[in-house]
Amino acid sequence: MASPPSENASPPGLTPRPETAPALLSIVCPAYNEADNIIPFHKAVSKAMRRLAQPFEIVFVNDGSRDETLLKMRELRSVHPNTAIVDLSRNFGKEIALTAGLDQARGDAVVVIDADLQDPPEVIGDFIAGWREGYDVVYAQRRARHGESWLKKATAAAFYKMMRSVGPAPLPENVGDFRLMSRKTVDAVCALRERHRFMKGVFAWVGFPAKVIQYDRAPRAAGATKWNYWKLWNLSLEGLTSSTLAPLKLSTYFGFAVAGFAFLLGAFFIMKKLVYGDPVQGFPTLAALILFLGGVQLMVLGVIGEYLGRIFNETKQRPLYFTNAIEASDVEAPLRTGEEAQRAALASRSVA
Ligand code: UDP
Ligand code: MG
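Residues numbered from 1 in each chain as written. Chains lettered and ligands numbered in written order. Predicted model: local features only at pLDDT ≥ 70, side-chain atom pairs only at ≥ 80, totals over all residues. Heavy atoms only, no water.

Draft legend 1. Looking closely at the coordination of the magnesium ion (ligand 2). Surrounding the magnesium ion (ligand 2) are the protein donor atoms Asp-116 (OD) and Gln-118 (OE1), at 1.9 Å. For Asp-116, a relative accessible area of 3% gives the class buried. (Donors = N, O, S within 2.8 Å, 3.2 Å for Na, K, Ca; no water. Buried < 20%, exposed > 50% of the residue type's maximum accessible area, 1.4 Å probe, protein only.)

See the structure below:
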């Protein structure tokens with residue numbers, strides 16, 4: 001009798017990792033004004049890790065919080081030495097805070113998670129299971145968006161749809177930053193040092209075999225979301241312009257279309273004159289056309305300007321962030337060998 005395939009069987013082509021690994025799991029958590037969440041968050045994560053008997057470190061990134069977030073982190077670190085703190089010099093935004101945390105993480109697998117308990121730490125068990133199957137990325141896809149308005153849901157859906165049609169690598173829908181990455185993937189992500197970063201785009205761009213896990217996203221435990229519609233709009237612009245040149249191409253096509261339309265319109269007026277001898281009552285048409293063309297030109301200039309601004313920022317070659325202090329955790333980093341160590345060395349060189 002043939003034995004049934006084992007539960008843990010990896011999909012074809014993937015090499016399963018040993019049941020005991022990862023030797024160290026890094027949990028990276030960017031936090032901005034999360035004073036009320038840090039301690040409950042730590043409790044929830046520790047509980048989940050205890051249940052999994054998984055050695056771990058937590059890398060907190062204080063993203064220039066104006067409340068007691070840093071104090072709470074330090075409080076935790078004095079009791080739990082497996083806590084690392086990266087204290088950024090000011091608020092750099094979640095994307096950069098996340099990068100700072102990834103730079104600091106030393107585990108052979110790294111989980112990225114929000115501080116507000118919207119990402120349930122229990123899912124990390126499923127992440128690790130996926131990692132053992134041989135996947136390099138295991139990400140969580142929200143089944144439901146509780147506590148979010150229909151407008152947020154609708155705009156998010158529209159954004160993903162647009163990115164799917166013009167982006168270089170498909171962005172998985174309803175997926176946040178909550179995910180587990182192998183050391184290889186983290187090194188790849190850390191090697192991309194562009195200043196305009198859109199982490200979802202970066203994660204998608206580096207590739208590697210990925211697995212999806214469904215989960216329910218809870219409403220925020222305490223505090224308020226830092227994303228308003230203006231910030232979300234800017235994040236979408238960032239996502240679009242940092243990962244694709246499609247808007248530039250679209251402007252070109254749009255220009256062609258408008259020119260074609262103008263040509264046909266011109267031909268129509270000439271024909272009208274020739275056939276009916278109709279003197280053209282031109283002023284309103286003319287005014288409308290000039291205004292229309294002016295508008296189109298300004299819009300296209302704006303698109304070009306977006307890219308130009310990004311080139312400007314990238315050429316400055318500034319470091320991504322500055323820190324007041326980096327307080328490492330006391331856990332020992334797993335030994336790395338060969339290619340991995342080389343890649344890590346390369347990545348750390350480009351951080352400096
Ligand atoms: N965050 C950050 N810097 C910022 C904004 C947010 O580090 O400038 C952190 C925040 O503390 C939280 C995570 O990013 O841990 C997600 O933020 P939020 O909950 O506001 O976003 P949402 O869940 O609404 O997408
Ligand atoms: Mg949140």
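Draft legend 2. Up close: the nonpolar core. Of all hydrophobic cores here, the largest spans 33 residues; its most connected members are Leu-25, Ile-27, Val-111, Ile-124, Phe-127 and Leu-180. Core analysis: the next-biggest nonpolar cluster, separate from the first, contains 27 residues, Leu-88, Phe-92, Val-110 and Met-181 among them. (Core = buried A, V, L, I, M, F, W, Y, C linked by side-chain atoms within 4.5 Å.)

Draft legend 3. Expanded view of the packing of aromatic side chains. Evaluated as defined, the whole model comprises three aromatic pairs. Pairing Phe-127 with Phe-178 gives two aromatic rings, centres 4.9 Å apart and planes at 55 degrees, and the pair type is tilted. Taken together, the residues Phe-127 in helix H4 (residues 123–133) and Phe-178 in strand S6 (residues 175–182) connect sequence positions 51 residues apart. Exposure remark for Phe-127: the relative accessible area of 0% places this residue in the buried category. Among the residues examined, Phe-178 registers a relative accessible area of 2% and is labelled buried. Through a chain of ring-to-ring contacts, three or more aromatic side chains come together here, namely Phe-127, Phe-178 and Tyr-215. One cation-aromatic arrangement involves Arg-90 over Phe-92; the distance from NZ or CZ to the ring centre is 4.0 Å. (Phe/Tyr/Trp six-rings, centres within 6.5 Å; stacked < 30°, edge-to-face > 60°. Helix = DSSP H or I, 4+ residues; strand = E, 2+ residues; numbered from the N terminus. Lys NZ or Arg CZ within 6 Å of the ring centre and 35° of its normal.)

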